[in-house]
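Now for the letters of each chain:
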Amino acid sequence: MAILIDGSTKVLCQGITGAAGAFHTKGCLDYGTNMVGGVTPGKGGQQDANGLPIFDTVTDAVEATGATASMLFVPPPFAADGILEAATAGVEVICAITEGIPVADMVRTREILDRDHPGVVLIGPNCPGVITPGKRVAGEGPDASFEGGCKIGIMPGYIHTHRTDTASGKAVGIVSRSGTLTYEAVWQCSDRGIGQSTCVGIGGDPVKGMNFIDCLERFEADPETDGVVMIGEIGGTDEVDAGRWAAQHMTKPVVGFIAGRTAPKGKRMGHAGAIIGGADDTADAKISALREAGLEVSDSPAGLGHAMAIALGLGAEAT
Amino acid sequence: MKVHEHQARDILSEAGVPVPEGAVATTVEEAVSAAQAVFAAGGPLVVIKAQVHAGGRGKAGFVKLVKTTDEAQEAANFMLSNRMVSPQTGAEGLEVKKLLVAEAVDIVKEYYLAVTHDRARRCEVLIASAEGGVEIEQVAEDNPDAILKHPIDPLRGLEGHEARTLAFKLGFQGKQVNQAAAIMSRLVKCFRERDCSLAEINPLVVTPSCENHPDGQVLAIDAKFNFDDNALFRQKAIAAMFDPTEEDPAEIRASEFGLSYVSLDGNIGCLVNGAGLAMGTMDIIALHGGMPANFLDVGGSATEEAVAEAFRIILSDNKVQGVLVNIFGGIMQCDKIARAIVAAAGEVGFGVPLVVRLEGTNVGAAREVLEAAKADIPNMQVATDLEDAAAKVCAAVA
C-alpha cells in the first residue's frame, strides 16, 4: 500500500518524443515504473527508443494500454490543454511536470477539472512528480535497482527507500512544494533508516492540482504511512490551512519545514508562487501558525530527518 | 513584469477605461509644451509625474501639481536632473528618464479598484473600495469591511449585473453607476486578455458635475499593472514594454541564461538548484549566523555555460566574501556543476573561500572531478552534508 500510485499503475508519457519526456521516460522505466506508452500528436503508430508505442491522442493511448496515470512534459503553451485531454480520456492521476504554464490557463483548467472531472487527481504543474518507492533488489547507491515501485517524474529514484529495506520498518509520506527540498528530506530520512511510502511534489505554482490537505488526508488513511514530512515555502496560505486541518484530523506525526525565512518581501523567489504579498505569506507567520496547531516544525532544512526520527520514537542510533 | 504608469494608462485607454488627457515627455521642453497644451485647452491644473517603477514618488517630490508653464519647467527640470530617492529605491536612488504630463482633474470622491488572482479560491477576484487614493493595505487593516472582494467565475467572467450590483454597493449615483460598472467589466476583461497578475486603478475618481456630465465623470487617475511572466510568449505587445533599466542588471543577466537570481544584502554567495532548496540554503546560512548575498536557482537543466555564468555573477558582487554551492542533483548532474567550478576557478578564480556540497545524480563522477582539481582551487572545501556546508562557509567568512 501507498497513496495514489503503486507498482501495478500503468503510466503514459505525454510529450514522450521531446527531450525531457524521452529522457525521463527512460529514467522511470529504469526504476521499474510500468510505462506502457506515450503520446505525441502526429507521431501515432511509431515507437520510442525503448520500444514503447506512441499514440496521437491520450484517448487512443488509454484504449490501447489501459493506462490510468500520465506524466506530462508538454511545453507550457499547450500544457493546460494536455491536462484536460488526459482528464477527458479517463486518466485518473495526471502528473504535470511542465514549468511555466500561465496562471490564467491553470485557473481555467482547475475549474474545469473540479466541475467536469471531480475524480481526477492532478499533481503539479511545475513539480518533480510522485514516487512510491520499490524494493531494492541489487546494487548500491545510484547503481541500485528496484522492483515493485512506481516513479512518475524527474526525481532521482535511488535515494528513496522502501520500508522493508529499512532497519526501523517505518515509512513516512512526504509532500512538498519544492523538488530539491523533497530530495533533501528523502535523503535525510533514508540516511536515518526511515523509508518512504509515497512522496508527492505538489509544485511551486500558485494555482495547481493536489494541495497539502489532499495529501495529508490520504497519508492519514494509508496503513503503511507512519508519519508525514510536509515542506512548504513563502507565498499563499496553504500551509497554514494544512496545519489547522492536521491539528484536527491527523493522528500520525507531521514534521514541517517552511523555506524562505530570509526571503525579502515582494521579490519572487524562483517559483511563480513563492512571493511574499501580505503579512500572512511570510515563512515566520506560517511557522508560528503550524506550531500553534501543534505540529513539529524544523528551523533548519537539515533537521527534517532528525525531527522525523524523534517523532516516530526511533532510538538515538537513528537520530 | 511591471510597466510604467504611462504604459498602464495606454493599456487602460485601449481597454475602454477613460483616463484624463496626458503626454509623455523626455525633456524639459517637451514637458513644458505638453503642459502648455493642457492650459490652452482650458485645463487649470497639470500634474507632472516621474515615470519609475518604484513607489514613494509623491513624498520624494517627484509628483507635482503646476498652474503655469514656469512651474511646469521648474518641476520637470528638478525631476529630470535629480535622482529619485524613496524608501523603495535604496540610497543611490533612480534616474528619471520620462515624465507623464497630464491634466489634473477636480475630484469629488476617490475609489479603489483592482483585479488580481485569489490563490486560495483559485480564481480572479475584483477588489473594490469607496476609500481610494490611499494605501489599500492600510484600509484593509483599519476597516476591512470597507473593501469588497468579488470572486470571478473562471469560465463566465464578470457578468454585467454583478458589476452593476458592486457599483451600487460602492455608492455610485445616477449615471455614475453604469460608467463604474463598465469600467469594472473592462478592467476584468483586460486582466484576462492581457494575462495580468495585477490590474489596479487607484484612485478611480468621480469629477464634479458639469454641463456635459451632470452626474460627473468616472475616470482612472493612476494605474498599476503587473503581468504573468509565464504568459509573455503570447503577449508580445506587453513584452515590448519591458524597461530593463528599471531592473537589477545582474538579475537581467541571470535571466538571459535561464537562471533565477535575486540580489540580497549579505556576504555569502549561494549557488543552488531548485527554488525551495535555494531558499532553504539561505535560511540555514542565517541559522549559522551568516547572511546570504543572493538567491540563485540554476534550475534543473542548466548548461555548463549557464552555471559558469552563475559563478561570474556571484563573484562579480563585491559584497561576496564566501561562496556556498549546494546541489542535490535530480535532473541536474553533479559532475556538470563540478566541471563548471573548475572552469570558473580557471577563468575568474576563487579569491574567496568556496564550500561545495554535492549530492544526487552523478555525484561519484563529480567528486572525482573536484578531487583532481583540488590543488588548483586552494580555497575550496568539500562538505559532507547541508549542515556541514553551512557551518563551514559561515566559519570561513566570520
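All values reported here derive from a predicted model rather than from experimental measurement. (Residues numbered from 1 in each chain as written. Chains lettered and ligands numbered in written order. Predicted model: local features only at pLDDT ≥ 70, side-chain atom pairs only at ≥ 80, totals over all residues. Heavy atoms only, no water.)

(A) Geometry of the overall build of chain B. Along the backbone of chain B there are 14 helices and 16 strands. Each principal axis of the C-alpha distribution contributes one length, and for chain B these read about 85 × 50 × 40 Å. Counting all 398 residues of chain B, 54% fall into the buried class. Of the contacts made within chain B by residues no fewer than 6 positions apart, 67% connect residues no fewer than 24 positions apart. Averaging the locations of the 35 positively and 55 negatively charged side chains of chain B gives two centres separated by 4 Å. (Helix = DSSP H or I, 4+ residues; strand = E, 2+ residues; numbered from the N terminus. Buried < 20%, exposed > 50% of the residue type's maximum accessible area, 1.4 Å probe, protein only. Contact = heavy atoms within 4.5 Å. Lys, Arg positive; Asp, Glu negative; His and termini not counted. Charge placed at Lys NZ, Arg CZ, Asp CG, Glu CD.)

(B) The overall build of chain A, seen in detail. Along the backbone of chain A there are nine helices and 15 strands. Viewed in the frame of its principal axes, chain A has a C-alpha envelope of about 55 × 45 × 30 Å. Out of the 319 residues in chain A, the part that is buried amounts to 62%. Element-wise, carbon and sulfur atoms account for 49% of the exposed surface of chain A, whose accessible area totals about 11000 Å². (Areas by Shrake-Rupley, 256 points an atom, 1.4 Å probe, with all protein chains shown as cover.)

(C) Spatial organisation of helix H6 (residues 212-221) of chain A. Residue and element names in this part refer to chain A. For H6, the set of buried residues is Phe 212, Cys 215, Leu 216, Phe 219 and Glu 220. The buried residues of H6 occupy an angular sector of 135° when the element is viewed end-on, so they sit on one face. Along its buried surface, H6 packs onto strand E11 (171-176), strand E12 (195-201), strand E13 (227-233) and helix H7 (238-249). (Arc of directions from axis to C-beta.)

(D) Looking closely at the nonpolar core. Core analysis: the biggest nonpolar cluster contains 95 residues, and A:Ile123, A:Ile152, A:Val200, A:Val229 and A:Met269 have the highest contact counts within it. With six residues, helix H10 (residues 275-287) of chain B is the largest single contributor of residues to this core. Discounting residues that sit within four places of it in the chain, A:Val200 has contacts with A:Ile3, A:Leu4, A:Ile123, A:Gly129, A:Val130, A:Ile174, A:Val175, A:Ser176, A:Met210, A:Cys215 and A:Phe219. With 41 residues, the next largest nonpolar core counts B:Val19, B:Val177, B:Val206 and B:Phe227 among its residues. (Core = buried A, V, L, I, M, F, W, Y, C linked by side-chain atoms within 4.5 Å.)

(E) Main features of the sheet that holds strand E15 (residues 296-297) of chain A. Residue and element names in this part refer to chain A. Across the sheet, which stays open at both edges, the seven strands sit in the order E10-E7-E12-E11-E13-E14-E15 with mixed pairing between neighbours. The open sheet has two free edges, formed respectively by strand E10 (150-153) and E15, since each of these has just one partner strand. Bridge count for E11 against E13 is five bridges, and the pairing is parallel. Directly across from Val 175, in E13, lies its bridge partner Met 230. The strands touched by helix H1 (residues 19-31) are strand E7 (129-132) and E10; relative to E10, the strand with the most contacts, the crossing angle is about 170°. (Pairing = 2+ DSSP bridges. Axes fitted to C-alpha atoms, helices over the stretch in contact; angles between N-to-C directions.)

(F) Molecular detail of the pattern of salt bridges. Tallying each qualifying case throughout the model produces 40 salt bridges over all chains. With a shortest N-O distance of 2.7 Å, A:Arg261 and A:Asp284 are connected by a salt bridge. Linking A:Arg261 in the loop between strand E14 (254-259) and helix H8 (283-292) with A:Asp284 in helix H8, this pair joins segments that are 23 residues apart in sequence. Here B:Asp195 ties to B:Arg234 by a salt bridge, and the two come within 2.8 Å at their closest N and O atoms. Taken together, the residues B:Asp195 in the loop between helix H7 (176-193) and strand E8 (196-206) and B:Arg234 in the loop between strand E10 (223-227) and helix H8 (236-239) connect sequence positions 39 residues apart. Residue classification places B:Asp195 among the buried positions, given a relative accessible area of 5%. Here the salt bridges do not stand alone but share partners, grouping A:Glu111, A:Arg115, B:Asp153, B:Arg156 and B:Glu159 into one network. (Salt bridge = Lys/Arg side-chain N within 4 Å of Asp/Glu carboxyl O.)

(G) Representation of the sheet that holds strand E4 (residues 99-103) of chain B in the model. All names here are of chain B. What the four strands build is an open sheet, ordered E1-E4-E2-E3; its pairing is antiparallel. What marks the edges here is a single partner per strand, and that holds for strand E1 (22-25) and strand E3 (63-66). Pairs of neighbouring strands in the sheet enclose a mean axial angle of 20°, with direction left out of account. Bridge analysis of strand E2 (residues 46-50) against E3 gives four bridges, and the strand direction is antiparallel.

(H) Focus on the state of the cysteines. Here the structure, examined in full by the defined rule, presents zero disulfides over all chains. No disulfide involves B:Cys394; its nearest neighbouring cysteine sulfur is the one of B:Cys270, lying 9.3 Å away. (Disulfide = S-S within 2.5 Å.)

(I) View of the interface of chain B and chain A. Listed by partner, the interface residues are 42 residues for chain B and 54 residues for chain A. Summing both sides of the interface, chain B and chain A together bury roughly 3900 Å²; the carbon and sulfur share of this comes to 63%. When the buried surface of chain B facing chain A is broken down by residue, B:Arg119, B:Arg122 and B:Phe328 rank first, second and third, together holding 19% of it. Our count for the chain B to chain A interface comes out at six salt bridges. Counting every contact that joins chain B to chain A gives twelve residue pairs in polar contact (both at pLDDT 80 or more). Elements supplying a minimum of two residues to the side of chain B that touches chain A: strand E11 (260-263), H10, strand E14 (322-329), strand E15 (354-360) and helix H14 (386-397) of chain B. (Buried area = accessible area lost by both parts, 1.4 Å probe. Polar contact = N/O pair within 3.5 Å; in protein donor to acceptor, adjacent residues only side chain to side chain.)

(J) View of the packing of helix H12 (residues 334-347) of chain B against helix H13 (residues 363-373) of chain B. All names here are of chain B. For the pair H12 and H13, interaxial distance at closest approach is 7 Å and the crossing angle is 15°. Overall, the two elements H12 and H13 adopt an arrangement that is roughly parallel. The chirality of how H12 crosses H13 is right-handed. Where H12 approaches H13, its residues Cys 334, Asp 335, Ala 338, Arg 339, Ile 341 and Val 342 are matched on the opposing element by Val 363, Ala 365, Ala 366, Val 369, Leu 370 and Ala 373. (Parallel < 35°, antiparallel > 145°, perpendicular 65-115°, else oblique. Left-handed = near helix turned anticlockwise from the far one by under 90°.)

(K) Local environment of the packing of aromatic side chains. This structure, assessed with the given rule, holds seven aromatic pairs over all chains. Taking the centre distance of 5.8 Å and the plane angle of 80° together, the rings of A:Trp187 and B:Phe328 count as edge-to-face. Of this pair, A:Trp187 sits in helix H5 (residues 179-191) while B:Phe328 sits in strand E14, on two different chains. Classification of A:Trp187 as partly exposed rests on a relative accessible area of 24%. (Phe/Tyr/Trp six-rings, centres within 6.5 Å; stacked < 30°, edge-to-face > 60°.)

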